[in-house]
Structure formats: structure tokens, C-alpha cells
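Results of the structural survey
Here's the letter readout for the chains.
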Amino acid sequence: MFYDPRISLGMLFTLIGTVLTAFGLATRSNADVYSKSMGIDANLCWGLVLLVFGILVLTLGRRGQMKQEKIKK
Amino acid sequence: MATPNMLLQFLPAGLLGLGLTALLACLMGGVAAGVTSFSTVFTCDIFQAFLAKNAADKRLLAVARWAAVGGMMLSFAAACAAMRFDSPLDAILLVFAVVNAPLFAALLLGAFWRRATGHGAFAGLIAGAAAALLHHGLSLPRGEQPGIQGGWITVLHHPSSDLALGLGTAMLAFLVSLLVAAAVSLFTNAAQAEELNGLVFSLTARPPAIWAWWKRPEAMAAAILLAAIAASLIFI
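This write-up is about the structure you can find in this document. (Residues numbered from 1 in each chain as written. Chains lettered and ligands numbered in written order. Predicted model: local features only at pLDDT ≥ 70, side-chain atom pairs only at ≥ 80, totals over all residues. Heavy atoms only, no water.)

1. Quick look at the overall build of chain B
Tallying secondary structure elements over chain B gives seven helices and zero strands in all. Listing every helix and strand of chain B by position from the N terminus yields α-α-α-α-α-α-α. Of all 236 residues assigned to chain B, the portion counted as buried reaches 25%. Sequence separation of 24 or more characterises 57% of the internal contacts of chain B that already satisfy a separation of 6 or more. (Helix = DSSP H or I, 4+ residues; strand = E, 2+ residues; numbered from the N terminus. Buried < 20%, exposed > 50% of the residue type's maximum accessible area, 1.4 Å probe, protein only. Contact = heavy atoms within 4.5 Å.)

2. Quick word on empty space enclosed by the protein
All names here are of chain B. Using the criterion set out here, one finds one cavity of 30 Å³ or more in the structure. Space inside the largest cavity adds up to approximately 50 Å³. Considering the residues around the largest cavity, the lining is formed by F85, D90, L94, H136, Q149, D162, L165 and G166. For the lining of the largest cavity, the secondary-structure elements that each account for two or more residues are α4 (88-112) and α6 (162-187). Counting residues per element, the lining of the largest cavity draws most heavily on α6, which supplies three residues. (1 Å grid on protein atoms, 1.4 Å probe; cavity = no way out; pocket = protein on both sides within 12 Å on 5 of 7 lines; lining within 4 Å. Points joined across faces, edges and corners; volume = space filled by probe spheres on them.)

3. Focus on the nonpolar core
Residues and elements named next belong to chain B. Residues F85, A91, L94, A97, V98, A101, A132, A170 and A173 constitute the largest nonpolar core, which totals nine residues. Every element with two or more residues in this core is listed here: α4 and α6. The residues touching V98, leaving out its near neighbours within four places in the chain, are A129, A132 and L133. (Core = buried A, V, L, I, M, F, W, Y, C linked by side-chain atoms within 4.5 Å.)

4. Regarding the interface of chain B and chain A
Taken together, the contact pairs ten residues of chain B with eleven residues of chain A. Overall, the association of chain B and chain A removes approximately 760 Å² of surface from exposure, summing both partners, and the carbon and sulfur fraction of that is 71%. Remark: the boundary between chain B and chain A carries zero salt bridges. Linking chain B with chain A are one residue pair in polar contact (both at pLDDT 80 or more). Contributions of two or more residues to the side of chain B that touches chain A are made by α1 (2-10) and α2 (15-51) of chain B. Classifying every residue of the side of chain B that touches chain A gives eight nonpolar, two polar and no charged. (Buried area = accessible area lost by both parts, 1.4 Å probe. Salt bridge = Lys/Arg side-chain N within 4 Å of Asp/Glu carboxyl O. Polar contact = N/O pair within 3.5 Å; in protein donor to acceptor, adjacent residues only side chain to side chain. Nonpolar A, V, L, I, M, F, W, Y, C, P; charged D, E, K, R; others polar.)

5. Here's the deal with the layout of surface pockets
All names here are of chain B. Of the volumes computed, that of the largest pocket is approximately 590 Å³. Surrounding the largest pocket, 19 residues form its lining, A78, A82, A91, I92 and V95 being those nearest its centre. When contributions to the lining of the largest pocket are tallied by element, the ones reaching two or more residues are α3 (57-82), α4 and α5 (118-138). The greatest single-element share of the lining of the largest pocket, amounting to seven residues, is contributed by α4. Along the lines of polarity and charge, the residues of the lining of the largest pocket split into 16 nonpolar, three polar and no charged.

Below you can see the structure in the form of C-alpha cells.
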């Protein structure tokens, strides 16, 4: 059976992105947490970046897997 | 130490954990690759090839495991030695100058000159590494103590810095290795053309270039070179 490694990588990035985005949203109003990063909500920004990247990789991986399975049939 | 300090300075809680985890994972991956390749090379290319030719698999496995332990010990020692340099980059440069510069010369000669022989390459490697060690032992960067940073034989000249010493050592090692390998190759028997098929550039069949220009290695190499020059000009 062919397994596209992009699927598990995409899952990992999506998971981390979700956790980071949720944490960023929850601590958005807390100025203490973001005094280090000059007031920017870095958790939210990078969480969204990772989320988008993860979903992109996951989609590409699923597409690759579908293609392989179609060739097999 | 720049990366961890930057992470601690600027990243908020949350992203900081992710950054440190990624950094540690990256370091662990590098160490794991180094340990595995050390133990494989020691077991297959040294132990099995010279010390115990008919060893059983069980013994080889034990040797590989202990070789990994020994490799870790060696790298501890190397790290302690590297701490005496002003920057780890200087230590890496020294290792590259002694080991990689002669290797590069032998590889280039073997790939592009069909008259090159194995004996010539080996002599070139030894001579290049010896010349590098000699140069390193005879010169000392300004304002340093004799020892691992150079001058452990006697001090004949003072390069302006560790970087200058390392680059000079590398160039000398490369030139000596190239010359010795070429000279010894001319005095040993040449290999037959059939044996070299696919190994030497002039004897390798090259398929016609059918790729688009942006898929060719030449275009990529030129792009990387231009990018490196541009980056040097920007950050000079």
C-alpha cells in the first residue's frame, strides 16, 4: 500500500497550528504575555501560518494518495 | 548560542516552547545522524573489513552499539577541545582544512582526469593532510596561545586571525594534495578505460539536455552563486 508521507506531516502541522492559534486567541487580551514580542500576538500569527501550511500539505498529500490509488486500480 | 538567546528574548510563551522544541529536535536529529554513521562506518569499513572478517552478526551488532558509545565519548572530547577556539566556526574550519580540502582535491582529480589512480589519490590525501597539519603547527594567529589554535611545533609566522589561518591551511592542503596526487598518478599504472566508465566525466555518456532551463543544475548553481554574491553585497 502506498502511503503519502505528506499526510502525516500535514496532520502534525495542522495540530500544532490549531493549538497555537487557540492559545493565541485565548491570551490575546493579556498584555503581559506579549510584552516580550513588542505587543504582537506572535502565537496567533504563527499559529495561523502553521495552520494554513498544514492544511495545504495535507491537501497535497491526500491528492497524491488519491492519484496513486487510481493508478493501482 | 545566538538562536536560543534570540528565542528567549523575543518569543512569547507558547511560540517559545514550539521554537525550543524545534531547535532541540533539529540538534537531536543531527546528533543521531552523526552517531549512526560513525557506528556504521566503524563497524562495516574498519571492524569487518580489517579486524574480524568473519565475525557473526551478533558480535557486529555489539560492536556497532559500543562504537556508538565510543563515538559519543569522542564527540564530548572534541567539544571540549573546540571550546578553546574563539568561535566554533574556527574549529570546523580547521577540521575541514585538514580533512576535507585534500579529499576535495582527490575527488576533483578523480572525476575529471582519467589518468588519476587510486594510489595517487591516497598519496595525495596523506600528503595534503600532513601539509595542513604542518602549516597549522608552524603558524599562530596574532594574540593567541600556542596549542590547538596553531603553533604547536614552533611559531614561524602570524596570520591575522583564526579565519586567515584556517583558509590558508585549506588552500595549502588542497594544492599539495592536487600536486602529489597528480605526480604519483603519473608514476603508477593507469586504469583501463572500461573500468572508468561512468566514473570519469569524459567517459560518461551524457543524455541530451531535455529539461526546461529552470530544472537544470547549471541554472540553479548560477542562481545560488548570484544570490550569494547579492547577499554578501547587502550585508557587507
